[in-house]
Amino acid sequence: MLKRATPRRNLRNRIVTSLLGIMVAGATFVATMPADVHAAVTVNASEISGDDILFDSGMLSTYNELVLLQDVTINLDADCSYSALLLHDHNLTIQADPNHPGKKLTITYCSNTGSGNIILDGGTLIVATSNYGAYSFIDIQGDLIIHNGKCEVDGRITPRNFIVTGNDSYVSGKYLLASSIDISDGNLIFNTDQLNAIFTNYTGSTISITGGNITAITTQNYYNGIVALGDNSTITISGSDTVVTAQGPGGAIASNGALNISTDLPSGVTIGQYTDSIFTFYGLLRNGNPITSRIVLGAASNIVSAGHAKEESSGHHSSHTHSYSWQTITSPTAYSDGVEAYICSICGDIAARNPLPAVGVFEAETANSIRNAPKNGTVNIETATWNSFGRGVRDALKERPDVTLKISFLSEGHKGVPLNLTIPAGTDIDSLYDDNGYMGLCRVGTTLGYDQ
């Protein structure tokens, strides 16, 4: 079990120090205290800032840390930022303002030793690493409850209970650890190189996924995408519209207790029992062996492995799926002098490294189509010019991990025969881009495989 972090400074000392400062200045701090410190209050984000003493708003801020003195609702009519958020035994509700959409509360970390909860009611909470390198996290003894809200965390998320509802909910982070996890909708992405991506670690704990689009990937040796480690724990995944992508060197999805999956399983995959060096799990198996490569449950049930063709019902595989390399060239025939480009060593196609105006328009149209697609929808793109996508499409696909992108393009190397690609919902988008932030269509084909 992970050790919970404690606040950097003692809350009592900070409050006393602040109050003494006010007494010296005017000895009027008692009058500013709310009459009932237990009553919930609502405050606009535009009314709080910096190290203001915020008794009337149910909060105290010193050293740019926001400390709750009672239950508080912040209405995000403006952006606000603090180095830390300390709840203690109080609840914070973060609420979107319909007249000021897109506003957010940004902090470096949230920690408490009490039972206070964070509730996102359509609001946005960004937990980002600070400029001086402080590691970001949400580590609370209370619950993290998200109703159509957005929560982006650079680091870990470790609440008591984790609950997500609502089509518009979005959560991302390194990894998630909670006593219980209940996801009924929304988009969630946990991608880590440490520990499991989504897990519980307590006796009798539960992971329930009954809707939404969930990606849980770890590259840490021996660890899992989704796992319930506690004795007599249960994982339940259901719903015809539920899409779960999981991957880990130790297994995709496993439970130390019961594993119940009623959504679609890929062909040949069964639920069975296996034992590692410590625990006996009920997990996903193929031919009796734990599945350690990526597996997608639900609507997007194709299994994709880097460097191999995607399995098709016809059994046909494209011959254009072997390893590849790129050469950087200048002044290619297809472009004006001085434009740096890539040439694919397999088929000889050329892709601009820096998008030209035509490519830029194509990029913007594709990104907009992805962002405006219906839930779990598919975007179809056709182009007569082989090119590469840039950061715009990458960001759109990461914002909408529920969207499948299908691309048809012409290639000189294939004598005008269209090539078709599919980037399934839940794909690790960063793996398709090179170090310069570009995704050539040929690169996608050699990574995920062509449709024909």
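Cut-offs and rules
- Residues numbered from 1 in each chain as written.
- Predicted model: local features only at pLDDT ≥ 70, side-chain atom pairs only at ≥ 80, totals over all residues.
- Heavy atoms only, no water.
- Pairing = 2+ DSSP bridges.
- Helix = DSSP H or I, 4+ residues; strand = E, 2+ residues; numbered from the N terminus.
- Axes fitted to C-alpha atoms, helices over the stretch in contact; angles between N-to-C directions.
- Contact = heavy atoms within 4.5 Å.
- Salt bridge = Lys/Arg side-chain N within 4 Å of Asp/Glu carboxyl O.
- Buried < 20%, exposed > 50% of the residue type's maximum accessible area, 1.4 Å probe, protein only.
- Core = buried A, V, L, I, M, F, W, Y, C linked by side-chain atoms within 4.5 Å.
- Phe/Tyr/Trp six-rings, centres within 6.5 Å; stacked < 30°, edge-to-face > 60°.
- Lys NZ or Arg CZ within 6 Å of the ring centre and 35° of its normal.

Focus on the sheet that holds strand β19 (residues 180-183)
- Strands sit in the order β1-β4-β7-β10-β13-β16-β19-β22-β25-β28 across an open sheet of 10 strands; the sheet is parallel. Since the sheet does not close on itself, it has two edges, and those belong to β1 (41-44) and β28 (258-261), each with one partner. Pairwise comparison of adjacent strand axes, ignoring direction, gives a mean angle of 10° for this sheet.
- Sheet topology note: the strand β25 (residues 234-237)/β28 ladder contains 4 bridges and is parallel. Following the sheet pairing, I237 is matched in β28 by I261.

Quick word on the sheet that holds strand β14 (residues 150-153)
- Taken together, the 9 strands give an open sheet; going across it, the order is β5-β8-β11-β14-β17-β20-β23-β26-β32, and neighbouring strands pair in mixed fashion. Across the chains shown, the open sheet's two edge strands, defined by having one partner strand only, are β5 (80-81) and β32 (295-297).

Let's talk about the side chain of T366
- For T366, the position within the fold is in helix α3 (residues 357-371).
- With residues near it in sequence (within four places) discarded, T366 still touches I381, F389, V393 and L405.

Thoughts on the pattern of salt bridges
- Using the criterion set out here, one finds 9 salt bridges in the structure.
- Close ionic contact of K104 with D79 constitutes a salt bridge, the shortest N to O distance being 3.8 Å. With K104 in the loop between β7 (92-96) and β8 (105-107) and D79 in the loop between β4 (72-76) and β5, this residue pair connects regions lying 25 residues apart in the sequence.
- With relative accessibility at 30%, the residue K104 sits in the partly exposed group.

Re helix α5 (residues 441-448)
- Counted residue by residue, α5 has 8 buried out of 8 residues, so it is predominantly covered.
- Of the positions making up α5, those classed as buried are L441, C442, R443, V444, G445, T446, T447 and L448.

As for the environment of V67
- Positionally, V67 belongs in strand β3 (residues 65-68).
- Taking the C-alpha atoms as reference, V67 lies 6.1 Å from L85; in sequence the two are 18 residues apart.

Remarks on the nonpolar core
- Core analysis: the biggest nonpolar cluster contains 59 residues, and I74, I118, L125, I138, F162, I226 and I253 have the highest contact counts within it.
- Among the elements that line this core, the one with the most residues is β4, at 3 residues.
- When residues no more than four places from it in sequence are discounted, the contact partners of I138 are C110, I118, L125, V127, L144, C151, V153, R156, I157 and T158.

Brief notes about the side chain of T404
- Among the secondary structure elements, T404 is positioned in strand β38 (residues 404-409).
- By relative accessible area, T404 is classed as buried at 14%.
- Beyond its immediate chain neighbours, meaning those up to four positions away, T404 contacts G377, T378, V379, T422, I423, P424 and A425.

Structural notes on the packing of aromatic side chains
- For the coordinates displayed, the defined rule picks out 4 aromatic pairs.
- Residues Y109 and F137 carry aromatic rings whose centres are separated by 5.2 Å and whose planes lie at 25° to one another, so their mutual orientation is stacked. Linking Y109 in strand β9 (residues 109-111) with F137 in strand β12 (residues 137-139), this pair joins segments that are 28 residues apart in sequence.
- Residue classification places F137 among the buried positions, given a relative accessible area of 11%.
- Put simply, the rings of Y274, F279 and F281 pair up and form one aromatic cluster.
- The ring of Y170 carries the charged tip of K150 above its face, separated from the ring centre by 5.7 Å.
- Its guanidinium or amino end placed over the ring of F137, R156 lies 4.3 Å from that ring's centre, counting from NZ or CZ.

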